[in-house]
Amino acid sequence: TYPKITATDGTSTTVSTKLNEGGTCYAVALLPAADVPEASDVRAGTGKAGAAAVASGSVVLADASTIDTIVLSGLTSETAYKVYVTCKDDAPAPGPNVMPSPADVLDATTTDITAPTWFDGTYPNEASIVGDSVTMGVRLNEGGTMAAVVLARGAAEPTCADVLSGTGLSGASVVQAGDTGLVTDGSADTIVLGSLTSETDYDVWLCAKDDETVPGPNLMASASKVEIRTTDVTVPTFAATYPKITA
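Since we're looking at a predicted model, the values are computed, not measured.

All right, on to the overall build of the chain then. Looking only at helices and strands, one finds 2 helices and 14 strands in the chain. Here the chain has a C-alpha radius of gyration of 30 Å; the compact-globule value for 247 residues is 18 Å, and the former is much larger. In the chain, once contacts between residues fewer than 6 apart in sequence are set aside, the share between residues at least 24 apart is 69%. Side chains of the chain carry 12 positive and 30 negative charges; the gap between the two charge centres is 1 Å.

To continue, consider the state of the cysteines. Each disulfide consists of a covalent bond between the sulfur atoms of two cysteine residues. Considering all chains together, one arrives at 2 disulfides under this definition. Put simply, Cys 25 and Cys 87 are joined by a disulfide, and their sulfur atoms are 2.1 Å apart. Between Cys 25 and Cys 87 the sulfur-sulfur dihedral comes to about 105 degrees; the bridge is accordingly right-handed. Of the two residues, Cys 25 is situated in strand β3 (residues 23–30) and Cys 87 in strand β6 (residues 80–89); the sequence distance between them amounts to 62 residues. Cys 87 shares its class with Cys 25; the two are buried. Covalent S-S linkage joins Cys 160 and Cys 207, the inter-sulfur distance amounting to 2.1 Å.

If you trace the backbone, Ile 70 turns up in strand β5 (residues 67–73). Judged by relative accessible area, which is 2%, Ile 70 ranks as buried. Note: C-alpha distance between Ile 70 and Thr 17 (53 residues apart in sequence) is 7.8 Å. Ignoring anything within four residues of it in the chain, the contact list for Ile 70 reads Thr 13, Thr 14, Val 15, Thr 17, Cys 25, Tyr 26, Ala 27, Gly 57, Ser 58 and Val 59.

Within the structure shown, the criterion is met by 6 salt bridges. Across the pair Arg 153 and Glu 227 runs a salt bridge whose closest N-O atoms are separated by 3.9 Å. Here Arg 153, found in the loop between β10 (144–152) and α2 (160–165), pairs with Glu 227, found in strand β14 (residues 224–229); they are 74 residues apart in sequence, far enough to count as distant. The exposure class assigned to Arg 153 is partly exposed, which follows from its relative accessible area of 36%. A salt bridge links Glu 227 to Lys 225, with the shortest nitrogen-to-oxygen separation between them at 3.5 Å. Judged by relative accessible area, Lys 225 falls into the partly exposed class, the value being 40%.

In this section: the pairing of strand β13 (residues 201–210). Of all 10 residues that make up β13, 8 are buried, and the element is covered over most of its length. Examined bridge by bridge, β10 and β13 share 9 bridges and lie antiparallel to one another. Paired with Gly 144 across the bridge in β13 is Asp 210. Where β13 meets β14, 6 bridges bridge the pair, whose relative direction is antiparallel. When the sheet's bridge partners are listed, Val 204 is paired in β14 with Val 226.

As a further point, take the sheet that holds strand β2 (residues 12–18). Reading across from one edge, β1-β2-β5 is the order of the 3 strands in this open sheet, with antiparallel pairing throughout. A single partner strand is all that each edge strand has here, and the edge strands are β1 (4–8) and β5. For this sheet, the mean angle separating the axes of adjacent strands, direction not counted, is 30 degrees. Bridging between β2 and β5 involves 7 bridges; their strand directions are antiparallel. Considered in β5, the bridge of Val 15 is made with Ile 70.

By size, the foremost hydrophobic cluster in this structure holds 27 residues, and its most contacted members are Trp 118, Leu 193, Val 204 and Leu 206. Secondary structure elements with two or more residues in this core: β9 (134–138), β10, α2, β12 (189–193), β13 and β14. Those residues in contact with Trp 118, other than ones at most four positions away along the chain, are Tyr 123, Pro 124, Val 138, Arg 139, Leu 140, Met 146, Leu 206, Cys 207, Ala 208, Met 220 and Ser 224.

Further remarks concern the side chain of Thr 180. As for its placement among the helices and strands, Thr 180 is situated in strand β11 (residues 176–183). Apart from the residues within four sequence positions on either side, Thr 180 is in contact with Val 138, Thr 145, Met 146, Asp 189, Thr 190 and Ile 191.

Conventions adopted
- Residues numbered from 1 in each chain as written.
- Predicted model: local features only at pLDDT ≥ 70, side-chain atom pairs only at ≥ 80, totals over all residues.
- Heavy atoms only, no water.
- Helix = DSSP H or I, 4+ residues; strand = E, 2+ residues; numbered from the N terminus.
- Rg over C-alpha atoms; globule rule 2.2 N^0.38 Å.
- Contact = heavy atoms within 4.5 Å.
- Lys, Arg positive; Asp, Glu negative; His and termini not counted.
- Charge placed at Lys NZ, Arg CZ, Asp CG, Glu CD.
- Disulfide = S-S within 2.5 Å.
- Buried < 20%, exposed > 50% of the residue type's maximum accessible area, 1.4 Å probe, protein only.
- Salt bridge = Lys/Arg side-chain N within 4 Å of Asp/Glu carboxyl O.
- Pairing = 2+ DSSP bridges.
- Axes fitted to C-alpha atoms, helices over the stretch in contact; angles between N-to-C directions.
- Core = buried A, V, L, I, M, F, W, Y, C linked by side-chain atoms within 4.5 Å.

Written as structure tokens, this is what we have:
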């Protein structure tokens, strides 16, 4: 069952190794389109014929009972790699004895660790507003969930986690809250926030998280604010003693 990939995150992958005796194991990470390296290339920490590897590393295994790992770091998130692994034993001269080519190859794909962004700079926006509600237009550059809270004008800025939880800063109460639920394809959507007071200034704070499951989801670093004012929808009334016949 060795070698094997035992962990992968957004910028690294971990190769677990074990031999039937003491020795040293080597690994390199290459892009899938790269030429397949020889075992000697992998031991040198390079790609085919000395080409640069994306990442390389090695580990010394004391004996047959030793299990240890090689961490290949500096990788790009959401990228597929081929990981080539080879070893040699610790035999004295005329050793060491080296594994022949080709090296073992493993597949690793780094995870998404990038927070979503609002689509093309035009979102979020005030799609429509009436006396007691506002409809916010929202869209991300990827699949995810978008949320909004309405606070009194000038209230403390909530964190992204607060907004996604439907609260103000540190769990403070809000005038209104809502979210889109999961939008899988990054398409445009709306959040309707009702039960507002007409002719009133509010701050609408919006934030989002993507649909990455491991190790995500990834949250935006901060919430975005849109200032709104609800419209006048109140029917006029006569002042006291009016109307009246004056002549």
